[in-house]
Every structure is written in C-alpha cells, then in structure tokens.
Amino acid sequence: MKKEELREAAVRFRTALTKYRYAVAVLLAGALLLCVGGRGHDTPKAAEQDTQAFVLADFERSVEARLARIDGVGQLELMLTLEASEEAVYASNTRESAGGGQGGSREQSITVVSDSGYGQRPVTVKEIFPTFRGAVVLCEGADNIHVRCAVVEAVSTLCGIGSDKVAVLKMQPGE
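Only a predicted model underlies this, so the values are computations on that prediction, with no experimental measurement involved.

Draft legend 1. Summary view of the confidence of the model for the protein. Per-residue pLDDT for the protein has a mean of 79; in total, 74% of the residues score no lower than 70. At the level of individual helices and strands, the protein shows its lowest average pLDDT in helix α3 (residues 44-48), which scores 44, and its highest in strand β9 (residues 166-170), which scores 95. With pLDDT under 50 throughout, residues 40-50 is counted as low confidence; its partners more than four residues away or in other chains account for 7 contacts.

Shown next as structure tokens:
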C-alpha cells in the first residue's frame, strides 16, 4: 500500500510541478538571490573609505610630486596653510514648542540612519572642503623667472588661491 501511495504522491507532485513550473522557478531564483545577495556588499571598513577625508600632508605630497615635474624646478618643498578645515553639514530635525509668555523653546536632533547593519551614522547633507590661506614653495630653480611663474600658476590653480598668496623662494643648496 505504501508503494502505491508514494507513486500517487509523486504523480501529483509532478503534475503540480509542471502546472506551476514558472512560479517554482521564480521562488527558487528568489531563494538563490537571498542566499548569495549579501556577499557583494562592502565590509564596514570599505564603507568607511567611501568618504575621503582630507589630509593636508597627503595633499602637499601630491602637489609636490606634480610641481617637481615642471622643467627647471629641481628639488622642492611645499608648505600649505589652511584658512578653514574640513567640515560636514548634517541633516537635522528641529522641533519647536510654544511656551507660555517666554517664547518657544527650540530643540534640535541629528537624523541618523542605519546602513546595512554597520551601525548608525548621521545623514550628511554636504561636505565643505578646506580652504587654503597661502603657500610657500622652496625650490632650487626659483631664481629663474619662468620657473617661478610656472610654480605660482600651478599652486594657485591647484589650491584655489590668488597668486599673491603664493611665495616661491630659492632653496639653499645642499638641503
């Protein structure tokens, strides 16, 4: 009796499978995506590296490498000063409540979101990058007016400061 029941159940299963094959295929594809889907996400470290923090020393080295490629510059050192440092502006919810005759009180809270189980971070509306105050460039070729003008133009363009804020000076030999 059990063999007949098993055959009958197998026939019913096969009939149902052929009748609903597309629905079963979609369900299997969904289950497969759920199992495999989490593997392509960034790790928390990679997620933190998406936003690039400004590091003055790294920027100075990058600019030095480019300035050193100018014909006649020779060896050089660069020093940049900042007017304002990097700043982030966060989204915020503001609640105001009316108080008796004393005016309303104002309470502000930062809006946070959960990002895929990596903890909570504030919602960044915009990032304000640092602004430069001035630059001093010491280079071997500073006595050549063409080199000096090229260095001033490059630094003022890269840093977004006027040419009057860039000093190019002759480096002492042997440094």
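After presenting the structure, the write-up continues.
Draft legend 2. The arrangement of the pattern of salt bridges in detail. Applying the stated criterion to the full structure yields 4 salt bridges. Where R12 meets E8, a salt bridge forms, and the shortest distance between an N and an O atom there is 3.8 Å. Of this pair, R12 and E8 both sit in helix α1 (residues 2-19), separated by 4 residues, roughly a single helical turn. Its relative accessible area of 53% is what places R12 among the exposed residues.

Draft legend 3. View of the environment of E64. Relative to the elements of secondary structure, E64 occurs in helix α4 (residues 56-67). For E64 and Q75, which are 11 residues apart along the polypeptide, the C-alpha to C-alpha distance reads 9.4 Å. With residues near it in sequence (within four places) discarded, E64 still touches L76, E77 and L78.

Draft legend 4. Region of the structure containing the nonpolar core. Core analysis: the biggest nonpolar cluster contains 19 residues, and V151, V155 and V168 have the highest contact counts within it. Elements that contribute at least two residues to this core include exactly α4, β1 (76-84), β8 (131-139), α5 (145-159) and β9. Looking at which element gives the most residues to this core, the answer is α5, with 5 residues. Discounting residues that sit within four places of it in the chain, V168 has contacts with V137, C139, A142, R148, V151 and V152.

Draft legend 5. Region of the structure containing the sheet that holds β9. The strand order across the open sheet built from 3 strands is β1-β8-β9, with neighbouring strands paired in mixed fashion. Because the sheet does not close on itself, it has two edges, and the strands there are β1 and β9. The mean angle between the axes of side-by-side strands here comes to 15°, regardless of whether they run parallel or antiparallel. Each of β1 and β8 is contacted by α4, which is oriented at about 135° to β1, the strand it contacts most. On the sheet, α5 packs against β1, β8 and β9 and is oriented at approximately 145° with respect to β9.

Draft legend 6. Structural view of the packing of α4 against α5. The N-to-C vectors of α4 and α5 enclose an angle of 145°; their axes lie 11 Å apart at closest approach. When the axes of α4 and α5 are compared, the crossing they make is right-handed. On α5, the residues touching F59, V63 and L67 of α4 are V151, A154, V155, L158 and C159. The residue makeup of the contact of α4 with α5, split by class, is 8 nonpolar, no polar and no charged.

Reading the values: the criteria
Residues numbered from 1 in each chain as written. Predicted model: local features only at pLDDT ≥ 70, side-chain atom pairs only at ≥ 80, totals over all residues. Heavy atoms only, no water. pLDDT = per-residue confidence, 0-100. Helix = DSSP H or I, 4+ residues; strand = E, 2+ residues; numbered from the N terminus. Contact = heavy atoms within 4.5 Å. Salt bridge = Lys/Arg side-chain N within 4 Å of Asp/Glu carboxyl O. Buried < 20%, exposed > 50% of the residue type's maximum accessible area, 1.4 Å probe, protein only. Core = buried A, V, L, I, M, F, W, Y, C linked by side-chain atoms within 4.5 Å. Pairing = 2+ DSSP bridges. Axes fitted to C-alpha atoms, helices over the stretch in contact; angles between N-to-C directions. Left-handed = near helix turned anticlockwise from the far one by under 90°. Nonpolar A, V, L, I, M, F, W, Y, C, P; charged D, E, K, R; others polar.

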